[in-house]
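What follows is each chain in one-letter form.
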Amino acid sequence: MSSTEHAFAGPSTPPKPVKGFDAAGIHCGIKPTGALDLALIASPTACRAAAVFTQNAFPAAPVLYDRDLVRLNPDGTHGVVINSGNANACTSAEGNANARRMAEAAEKSMGSTDNTAFVMSTGVIGVQLPIGVIEAGIPEVASKLRPDGWEEAAEAIMTTDVFPKWASGQAEVGGKTVTVTGIGKGAGMIHPNMATMLGTLATDAAIAQPLLQKALSKAVSNSFNRISIDGDTSTNDTVLVLANGAAGNAEITEEGADYDAFLAALSAASMELAKLIVRNGEGVTKFVTVQVEGAVSDDEAHQVANSIAKSPLVKTAFFGHDANWGRILCAVGYSGATVDPTRAHLFIAAGQPHEGSPELQLVDAGTPTNYEEADASVIFAESEISVRVPLGLGEGSATVWTCDLSYDYVSINAEYRT
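Once a new chain begins, its residue numbering starts again from 1 and follows that chain's sequence as written. Local features in a predicted model are, by the rule used here, given only for residues with pLDDT of at least 70; side-chain atom pairs are given and counted only at 80 or more, and totals for whole chains, interfaces and linings are based on all residues. Just so you know, side-chain values use all the structure's heavy atoms and leave hydrogens and water out.

(A) Structural detail: the overall build of the protein chain. Summing up its helical and strand segments, the protein chain has 11 helices and 14 strands in all. Whether two residues are in contact is decided by their heavy atoms: any pair within 4.5 Å suffices. Pairs at least 24 apart in sequence give 81% of the contacts found in the protein chain among residues at least 6 apart. Per element, the accessible surface of the protein chain, about 16,000 Å² overall, is 51% carbon and sulfur. Counting from the N terminus, the helices are DSSP H or I runs at least four residues long and the strands are E runs at least two residues long. Per-residue and other accessible areas follow the Shrake-Rupley method at a 1.4 Å probe size, with only the shown protein chains counted as cover for residues.

(B) Representation of unusual backbone geometry in the model. Even without being a glycine, Asn-88 presents a positive backbone phi close to 50°. In this structure, Asn-88 sits in the loop between strand 3 (77–84) and helix 2 (92–110). Accessible area is worked out with a 1.4 Å probe on protein chains only. A residue is then buried under 20% of its type maximum, exposed over 50%, and partly exposed in between. Exposure remark for Asn-88: the relative accessible area of 0% places this residue in the buried category. With a phi close to 60°, His-321 is a non-glycine residue in the positive phi region. You can see His-321 is positioned in the loop between helix 8 (312–319) and helix 9 (325–333). The partly exposed category is assigned to His-321, whose relative accessible area is 36%.

(C) Here's a closer look at the pairing of strand 6 (residues 176–185). The element strand 6 is largely enclosed, with a buried count of 8 among its 10 residues. As defined by bridge partners, strand 5 (residues 165–173) adjoins strand 6 across 9 bridges and the pair is classed as antiparallel. Considered in strand 6, the bridge of Trp-166 is made with Ile-183. Any two strands are treated as partners once DSSP identifies two or more bridges connecting them. The turn joining strand 5 and strand 6, which pair antiparallel and follow one another in sequence, is formed by 2 residues; a positive phi near 60° is taken by Gly-174. Here strand 6 pairs with strand 7 (residues 198–203) via 6 bridges, running antiparallel.

(D) Structural context of the environment of Ala-206. Its location among the elements puts Ala-206 in the loop between strand 7 and helix 5 (209–221). Of the residues examined, Ala-206 reaches a relative accessible area of 14% and is grouped as buried. Sequence separation of Ala-206 and Glu-251 is 45 residues, and the distance between their C-alpha atoms is 4.6 Å. Residue contacts for Ala-206: discarding those within four places in its chain leaves Gly-245, Asn-249, Ala-250, Glu-251 and Ile-252.

(E) Highlighting the packing of aromatic side chains. Each Phe, Tyr or Trp ring, with Trp reduced to its six-membered ring, pairs with another whose centre is within 6.5 Å; inter-plane angles below 30 degrees give stacked pairs, above 60 give edge-to-face pairs, and intermediate values give tilted ones. By the definition in use, this model includes 1 aromatic pair. With 5.0 Å between their ring centres and 25° between their planes, Phe-318 and Phe-380 make a pair best called stacked. Taken together, the residues span a long stretch of sequence, with Phe-318 in helix 8 and Phe-380 in helix 10 (residues 373–380) at a distance of 62 residues. The same class applies to Phe-318 as to Phe-380, namely buried. Above the face of the Phe-347 ring, Arg-388 is positioned so that its terminal group lies 4.3 Å from the ring centre. Counted as over-ring charges are cases with an Arg CZ or a Lys NZ within 6 Å of the ring centre that also lie within 35 degrees of the ring normal.

(F) Representation of the environment of Val-389 within the structure. On the secondary structure map, Val-389 appears in strand 13 (residues 384–390). For the pair Val-389 and Val-332, spaced 57 residues apart in the sequence, the C-alpha separation amounts to 8.9 Å. Ignoring sequence-local partners within four residues, the contact set of Val-389 consists of Gln-291, Val-292, Glu-293, Ile-308, Val-332, His-345 and Leu-346.

(G) Representation of the packing of helix 5 against helix 6 (residues 257–279) within the structure. Direction vectors running N to C along helix 5 and helix 6 enclose 45°, while the axes themselves pass 9 Å from each other. Of the possible angle classes, the one that applies to helix 5 and helix 6 is oblique. Relative to helix 6, helix 5 is oriented so that their crossing is right-handed. Contacts from Leu-211, Leu-212, Lys-214, Ala-215, Leu-216, Lys-218 and Ala-219 of helix 5 reach helix 6 at Tyr-259, Phe-262, Leu-263, Leu-266, Ser-267 and Ser-270. In the contact of helix 5 with helix 6, the residues fall into 9 nonpolar, 2 polar and 2 charged. Lines are fitted to the C-alpha atoms to define the axes, a helix being fitted only along its stretch in contact, and any angle between axes, read from their N-to-C directions, falls within 0 to 180 degrees. To sort the angles, those under 35 degrees are grouped as roughly parallel, those over 145 as roughly antiparallel, those from 65 to 115 as roughly perpendicular, and the leftovers as oblique. We call a crossing left-handed when the near helix sits turned anticlockwise from the far one by less than a right angle, and right-handed when that turn is clockwise. For this scheme, ten residues count as nonpolar: Ala, Val, Leu, Ile, Met, Phe, Trp, Tyr, Cys and Pro. Four count as charged, namely Asp, Glu, Lys and Arg, and the remainder, Gly too, count as polar.

(H) Quick peek at the confidence of the model for the protein chain. As a per-residue quantity, pLDDT reports the predictor's confidence and falls between 0 and 100. Taken over all residues, the pLDDT of the protein chain has a mean of 89, while the share at 70 or more is 90%. In this model residues 188–196 is a low-confidence stretch, pLDDT under 50, and it forms 54 contacts with partners more than four residues away in sequence or in other chains. Below pLDDT 50 for its whole length, residues 229–233 participates in 21 contacts with residues either more than four positions away or in separate chains.

(I) Broad picture of helix 7 (residues 298–310). One less than the residue count of a helix, multiplied by 1.5 Å, gives the span that helix is expected to have. If you check helix 7, its first and last C-alpha atoms are 18 Å apart, about what 13 residues at 1.5 Å a residue would give, namely 18 Å. Buried residues of helix 7: Glu-300, Ala-301, Val-304, Ala-305, Asn-306, Ser-307, Ile-308 and Ala-309, and no others. The inward-facing, buried residues of helix 7 abut strand 9 (287–295), helix 8, helix 9, strand 13 and strand 14 (396–403).

(J) Geometry of helix 9. Taken residue by residue, helix 9 has Trp-325, Ile-328, Ala-331 and Val-332 as its buried positions. The arc that holds every buried residue of helix 9, seen down its axis, measures 115°, which confines them to one face. Structurally, helix 9 contributes buried residues whose contacts are with helix 7, helix 8, strand 10 (346–350), strand 11 (360–364), strand 12 (367–368) and strand 13. Along the arc lie the directions from the helix axis toward the C-beta atoms.

(K) Structural detail: the packing of helix 7 against helix 9. Taken N-terminus to C-terminus, the directions of helix 7 and helix 9 make an angle of 135°; their axes are 8 Å apart at the nearest point. Compared by their axis directions, helix 7 and helix 9 come out oblique. The handedness of the crossing between helix 7 and helix 9 is right-handed. Note on element contacts: helix 9 touches helix 7 through Ile-328, Ala-331 and Val-332, opposite Val-304, Ser-307 and Ile-308. Here the contact of helix 7 with helix 9 is built from residues that sort into 5 nonpolar, 1 polar and no charged.

(L) Local environment of the sheet that holds strand 13. The sheet built from 6 strands is open, its strands ordered 12-11-10-13-9-14 with mixed pairing. The open sheet terminates on both sides in strands that have one partner only, identified here as strand 12 and strand 14. Sheet topology note: the strand 9/strand 14 ladder contains 7 bridges and is antiparallel. Residue pairing across strands places Gln-291 opposite Thr-399, the latter belonging to strand 14. Its contacts with the sheet put helix 6 on strand 9, strand 13 and strand 14, and the angle it makes with strand 14 is roughly 45°. Of the strands in this sheet, strand 10, strand 11, strand 12 and strand 13 are in contact with helix 9, which crosses strand 11 at around 55°.

Right, dumping it as structure tokens:
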């Protein structure tokens, strides 16, 4: 499969508008191809903000800027400006100054005050941001803001992504319909250690900032932190959520039914974005769901699932349609979690778990079953595959979404700067 073809398509439904938020995307001149490369999401009403950031020890200038902003003004921000084609990472003092200039240009164009705009950047590391073309482009993108501009904004933050990614969730909160819509980018450098990509979510819910942060952290834990494409955690990983309260619900100030409903909507959008990122991975031909059950704890189940998901040998077996289950058990064994080989089982199935495809058991209590190799190969040839590993040790469980590792992944990344 060449890099011009892809096994999966983008979102099947349009993003839902969010009351009080506008979005837009334009080409400002960063990408020589003329593709969209600058996005703006804005609310004239001040927003509560929450974010999670990369744990990479070389955080990009936008990450440093946003970390400070979410501490400085968590209750009074108005939007986020995002560029693609340049990561503004490993760019030292000049990069930090350019991140601030980018934010200031967005604040001016939105008509807001200082310290009210977040910034994100994605693309090549170690190259100074072409701040002049960005500053010139921000007034233009601001002039194109509209409630249904999410698709252009999603396209403008793409790098090696094959298709733009967006997702929405809704819930009834205090008798009002609350909407969450987000866009994300990510195709390589994807591995859980916070957010694994860029993501911006907007909601019209009224919610106290500490609870917004708690909800985002929970949603990220069960979505963006449960995906893996290549085992690399980027310098720029950020997931941001902005809440402007325009839905008119009574402010959520404590945990309870309203908080749970909001969390469900935020989690639904986050999980869909995370799955789209895996399906859009560089050179991806397989979408693989890894379920681990019966671990001594949920954390250890995640540890095992993550070990399987990031194994290059497992991923190449998926690509080659080779039901080499020994590689899967090997990854279970070196995960560092508690494992008893005499209690471990292994099942595979076509499709996603909820689709009800019949499972094929490959291993029973550490011993191979009398399965037919041809049956296993048919399942591994599918574009969507489920792997289930019951460990038989406790109640812990976890799900991770991953993909195969193809020739195209190597060629895309070998030529990324050239």
